[in-house]
Amino acid sequence: MSGVISSVITNSAAMVAVESLNSINTALQTTQTAVSTGYSVNQASDNGAAYAVAQSIRTNISGLTAANQQLGDTQGLLATTNTALTQVSDLMQSMDQTLVNLSSGTLSSSQRTQYAAQFSSQLSNIKSFITGASYNGTALIGSSTGTLTPTSATFKTGITVSIDASGSTLGIAATSLTAVYTAMSTINTGLASAASSTVGKFLSATGGFTTAVASVGGYMNTYGNLTNQINSQITYNQNKMDALSNGLGALVDANMAAESATLQSLQIQQQLATSSLSIADQSPSLLTKLFP
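Here's what I pulled together on the structure shown here. Values in this document were obtained by computation on a predicted structure and should not be read as measured data.

**A word on unusual backbone geometry**
Piece 1. In this structure, N136 takes a positive phi of about 55 degrees despite not being glycine.
Piece 2. Its place among the elements puts N136 in the loop between β1 (134-135) and β2 (138-139).
Piece 3. Assessed through its relative accessible area of 64%, N136 is described here as exposed.

What follows is the structure, given as structure tokens:
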């Protein structure tokens, strides 16, 4: 004889059906969450270790994103500075030609006056380039004192920018162009009446104009190298974020193809379990038919 007891009090089949249905519903809810969010690990209760690692990676990516934002802002400041220095350097080439002409003893008084006026006009442009070299209210070239000050900007003695998620920083020193401008202003004074030999001294290897040209060239080299360093750091940070994102995806992303197949399977199982529970619930009522 079978050991199964037919009873209207205890419905073992219904109990099994309920447990099965609950288990299927739990799995179905997990799968539906994965499908809707795209993550197989949504919270610490899904997989504590994986979730902790994922949060650490997300923090690192967030830090790198913030660093690149700061570096991008610094890119703009350096680009503005380099543009101003390039303009100054280009104009100094024309100023050099003006001084070479003035160093000639064959010029008439009227010609000397015209060349001197040209040099003075060029010097005014130099000042305009320097005082206008500001980005978002900050300037790296100019002077904090004297007459050569950035227009509508704060001249910095230097800035420090974060370059990665670890808090590492890069220091960028500011440059006062007061000495360069003062040297050329000194040359400009009395230039129309200066002797050709005097003007020639400005162009000598140790002359004031030659020294000013060399100084501007040095500043261009410094800020040009800093620009390349910033660009390289931004690229490195972005590549690192891409690598971290790929690793994060492998850790917590849901396999959508597999989840889709699982979802369909669980939906079918849910239907079958529901039908099984319905049948099991009918069993006690069938027993009443045994009694006339």
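**A closer look at the pairing of strand β6 (residues 169-173)**
Piece 1. Here β6 shows a buried face lined by L170 and I172 and an unburied face lined by T169, G171 and A173.
Piece 2. Note that strand β5 (residues 158-162) and β6 share five bridges and pair antiparallel. Each bridged residue has a counterpart across the sheet, and for I159 the counterpart in β6 is I172.
Piece 3. Linking β5 back to β6 in an antiparallel pair, the connection comprises six residues, with G167 at a positive phi of about 85 degrees.

**Details of the environment of S103**
Piece 1. Within the secondary structure, S103 is located in the loop between α2 (48-102) and α3 (109-131).
Piece 2. Assessed through its relative accessible area of 26%, S103 is described here as partly exposed.
Piece 3. Sequence separation between S103 and G200 is 97 residues; the distance between their C-alpha atoms is 5.1 Å.

**Section: the packing of α2 against helix α6 (residues 208-252)**
Piece 1. Interhelical geometry of α2 versus α6 gives an angle of 160 degrees and a closest axis separation of 7 Å. Taken together, the axis directions place α2 and α6 in an arrangement best described as roughly antiparallel. In the packing of α2 onto α6, the handedness of the crossing is left-handed.
Piece 2. For the contact of α2 with α6, the residue count by class is 29 nonpolar, 17 polar and three charged.

**Let's talk about the packing of aromatic side chains**
Piece 1. Tallied over the full model, the rule gives one aromatic pair.
Piece 2. The ring of Y39 is capped by R58, whose NZ or CZ atom sits 5.5 Å from the centre of that ring.

**Some points on α3**
Piece 1. Over its 23 residues, α3 extends 33 Å from the first C-alpha to the last, a length consistent with the 33 Å expected when each residue adds 1.5 Å.
Piece 2. The set of residues buried in α3 consists of R112, A116, F119, Q122, L123, I126, I130 and T131.
Piece 3. Residues of α3 that are buried make contact with α2, β3 (141-142), α4 (178-188), α5 (196-202) and α6.

**Quick look at the side chain of T81**
Piece 1. Relative to the helices and strands, T81 is located in helix α2.
Piece 2. The buried category is assigned to T81, whose relative accessible area is 0%.
Piece 3. With near-sequence residues (within four places) excluded, T81 lies in contact with L140, I141 and Y223.

**What to know about the nonpolar core**
Piece 1. One finds M92, M95, I126, M184, L191 and F209 to be the most contacted residues of the largest nonpolar core, which totals 42 residues.
Piece 2. Where this core is concerned, the elements lending two or more residues are α2, α3, β5, β6, α4, α5 and α6.
Piece 3. With eleven residues, the single largest contributor to this core is α2.
Piece 4. Beyond its immediate sequence surroundings of up to four residues, M95 is in contact with F119, Q122, L123, I126, M184 and F209.

Reading the values: the criteria
Residues numbered from 1 in each chain as written. Predicted model: local features only at pLDDT ≥ 70, side-chain atom pairs only at ≥ 80, totals over all residues. Heavy atoms only, no water. Helix = DSSP H or I, 4+ residues; strand = E, 2+ residues; numbered from the N terminus. Buried < 20%, exposed > 50% of the residue type's maximum accessible area, 1.4 Å probe, protein only. Pairing = 2+ DSSP bridges. Axes fitted to C-alpha atoms, helices over the stretch in contact; angles between N-to-C directions. Parallel < 35°, antiparallel > 145°, perpendicular 65-115°, else oblique. Left-handed = near helix turned anticlockwise from the far one by under 90°. Nonpolar A, V, L, I, M, F, W, Y, C, P; charged D, E, K, R; others polar. Phe/Tyr/Trp six-rings, centres within 6.5 Å; stacked < 30°, edge-to-face > 60°. Lys NZ or Arg CZ within 6 Å of the ring centre and 35° of its normal. Expected span 1.5 Å × (residues − 1). Contact = heavy atoms within 4.5 Å. Core = buried A, V, L, I, M, F, W, Y, C linked by side-chain atoms within 4.5 Å.

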